[in-house]
Amino acid sequence: MEIIILGGSTQVGCQASCGEDWSSPETLALARQRTSERFGQGIRLQYLDLAQIGPDEPAQQWAQLVRDRNLLLPLLLIDGEPRISGQFDLRQLLDAIEAALEMGAR
């Protein structure tokens, strides 16, 4: 299962601590640790900063998806499907992965 968290270094953060800073290496390390502990080694988790993607990179498809659907960042993608648009925390990430696994999204 491939988990991608799309963010943008130019996005405005939430002032009320309503989500994780997914661009932080520490946050990503914790998320990878928790997903591994809970679901095993079959989960690949990465963060992409849309503000730093070049025009010819494959990740441009995600930037286009965000624009076309007017989605908020951060955006959680599970196997290429948008799951959460806007601020979310580690618990919500784990719940979304669990739901996807239950629906057979391996």
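Residues numbered from 1 in each chain as written. Predicted model: local features only at pLDDT ≥ 70, side-chain atom pairs only at ≥ 80, totals over all residues. Heavy atoms only, no water.

Caption draft 1: Just unusual backbone geometry, in detail. Between leucine 73 and the following residue, proline 74, the backbone shows a cis peptide bond with an omega angle of 0 degrees. Along the chain, proline 74 turns up in the loop between helix H2 (60-69) and strand E3 (75-78). Positive phi outside glycine occurs at asparagine 70, with the angle close to 55 degrees. Of note, aspartate 79 is a non-glycine position whose phi angle comes to about 50 degrees, a positive value. Following the sequence through the fold, aspartate 79 ends up in the loop between E3 and strand E4 (81-85). (Helix = DSSP H or I, 4+ residues; strand = E, 2+ residues; numbered from the N terminus.)

Caption draft 2: Structural detail: the sheet that holds E3. With respect to topology, four strands assemble into an open sheet ordered E2-E1-E3-E4, the strand pairing being mixed. The sheet terminates laterally at strand E2 (44-49) and E4, the two strands that pair on one side only. For this sheet, the mean angle separating the axes of adjacent strands, direction not counted, is 25 degrees. Here E3 pairs with E4 via four bridges, running antiparallel. By the bridge assignment, leucine 77 is partnered in E4 with proline 82. (Pairing = 2+ DSSP bridges. Axes fitted to C-alpha atoms, helices over the stretch in contact; angles between N-to-C directions.)

Caption draft 3: Structural view of the pairing of E3. Of the two faces of E3, the one carrying Leu75 and Leu77 and the one carrying Leu76 and Ile78 are both buried. Across four bridges, strand E1 (residues 2-7) lies against E3 in antiparallel orientation. Bridge pairing in E3 places isoleucine 5 opposite leucine 76. Remark: two residues form the turn of the hairpin made by E3 and E4, two consecutive strands paired antiparallel; aspartate 79 in that turn has positive phi of roughly 50 degrees. (Buried < 20%, exposed > 50% of the residue type's maximum accessible area, 1.4 Å probe, protein only.)

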